[in-house]
Amino acid sequence: MNSSNLVKILAILLPLNYAGIPTLQAQDEPSSVRFTHRLLTVDANEGIDIADVNKDGKPDVIAGRNWYPAPDFAPHPLRLIEDWNGYVHSNGDFCMDVDKDGWVDVIAGAFTKTEVNWFKNPGADGLKLGKLWEPRLLKDTELSQNEASFLHDFDGDQIPEWISNSWNKNNPVVIWKF
């Protein structure tokens, strides 16, 4: 795989969906793409996003139970998540300032749970103290068996909608508008 294709794949897998973080661009020169990898944690979480959680101008990683501030990426608590049958009840983490207070919050779905919650960023003092982010119900979809969740602007109105994809053919595909 050449580096141009790798950059395109990374751009799809690591959505940088908020203002202030440059997106990855394919370069003409294969040697111009450089990165290092680093293991942040080992668990069965399936959700991840990148956003400036603490407003320091650097992209942080949000993944399941923790957020990882740049540049050292040491884990900081975000939320408690139950383990279920070898999985973690988290199959989608999406950053968005839900309450418009200027701090990036996290919207998260789960495999068997029907509730879609958003977790309120506790702000500068709460982040420094390692406080857990307060969960708030966004929507009870009344659907379980969610294989993957997505936050995407389907109708082009600049406000993303929520969709959960189910492996169960009897579950309808429904898009929830905020």
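Note that the structure is predicted; figures quoted are calculated from it, not measured. (Residues numbered from 1 in each chain as written. Predicted model: local features only at pLDDT ≥ 70, side-chain atom pairs only at ≥ 80, totals over all residues. Heavy atoms only, no water.)

What to know about the sheet that holds strand β12 (residues 161-166)
- Spatially, three strands are ordered β11-β12-β13 in an open sheet, and the strand pairing comes out antiparallel. Each edge of the sheet is formed by a strand with only one pairing partner; in this case those strands are β11 (146-152) and β13 (175-176).
- Note that β11 and β12 share six bridges and pair antiparallel. Each bridged residue has a counterpart across the sheet, and for Phe-150 the counterpart in β12 is Ile-163. (Pairing = 2+ DSSP bridges. Helix = DSSP H or I, 4+ residues; strand = E, 2+ residues; numbered from the N terminus.)

A closer look at the confidence of the model for the chain
- Overall, the predicted model of the chain reaches an average pLDDT of 81, with 81% of residues at or above 70.
- Confidence, read as mean pLDDT per element, is least for helix α1 (residues 3-13) in the chain (42) and greatest for helix α2 (residues 123-129) (97).
- Note on residues 1-24: pLDDT under 50 across the span, and 30 contacts to partners over four residues away in sequence or across chains. (pLDDT = per-residue confidence, 0-100. Contact = heavy atoms within 4.5 Å.)

What about the sheet that holds strand β1 (residues 49-51)?
- Strand order across the open sheet formed by four strands is β1-β2-β3-β4, with antiparallel pairing between neighbours. Of all strands in the sheet, those bounded by a partner on one side alone are β1 and β4 (76-77).
- Where strand β3 (residues 66-68) meets β4, two bridges bridge the pair, whose relative direction is antiparallel. Across the sheet, the residue bridging to Trp-67 is His-76, located in β4.

Digging into the nonpolar core
- Judged by nonpolar contacts, the single largest core of 13 residues is most densely connected at Ile-62, Trp-67, Leu-78 and Trp-133.
- Look past the residues within four positions of Trp-133 in its chain and what remains in contact with it is Val-53, Trp-67, Pro-77, Leu-78, Val-104, Asp-105, Val-106, Phe-119, Lys-120, Asn-121, Pro-122 and Leu-127.
- Ile-107, Val-116, Leu-151 and Trp-176 belong to the second-largest nonpolar core, a separate cluster that totals nine residues. (Core = buried A, V, L, I, M, F, W, Y, C linked by side-chain atoms within 4.5 Å. Buried < 20%, exposed > 50% of the residue type's maximum accessible area, 1.4 Å probe, protein only.)

Thoughts on the side chain of Asn-121
- Mapped onto the secondary structure, Asn-121 falls in the loop between β9 (115-120) and α2.
- Here the side chain of Asn-121 touches Gly-123 through a polar contact of 2.8 Å, landing on its backbone nitrogen. (Polar contact = N/O pair within 3.5 Å; in protein donor to acceptor, adjacent residues only side chain to side chain.)

Focus: the pattern of salt bridges
- Overall, the coordinates contain nine salt bridges when judged by the stated rule.
- Linking Arg-65 and Asp-43 is a salt bridge whose minimum nitrogen-to-oxygen distance equals 3.2 Å. Taken as a pair, Arg-65 in the loop between β2 (60-63) and β3 and Asp-43 in the loop between α1 and β1 lie far apart in primary sequence, 22 residues in all.
- Assessed through its relative accessible area of 22%, Arg-65 is described here as partly exposed.
- The class of Asp-43 is partly exposed, set by a relative accessible area of 34%.
- With a shortest N-O distance of 3.3 Å, Glu-161 and Lys-177 are connected by a salt bridge. Within this pair, whereas Glu-161 is found in strand β12, its partner Lys-177 is found in the segment after β13, the two being separated by 16 residues in sequence. (Salt bridge = Lys/Arg side-chain N within 4 Å of Asp/Glu carboxyl O.)

Here we look at the pairing of β9
- One ladder, built from three bridges, connects strand β8 (residues 105-109) with β9; its direction is antiparallel. Looking at the pairing, Ala-108 lines up with Asn-117 of β9.
- Linking β8 to β9, which pair antiparallel, is a turn of five residues.
- In this sheet, strand β10 (residues 134-140) lies alongside β9 in antiparallel orientation, the contact comprising six bridges. For Asn-117, the partnering residue across the bridge sits in β10 and is Leu-137.

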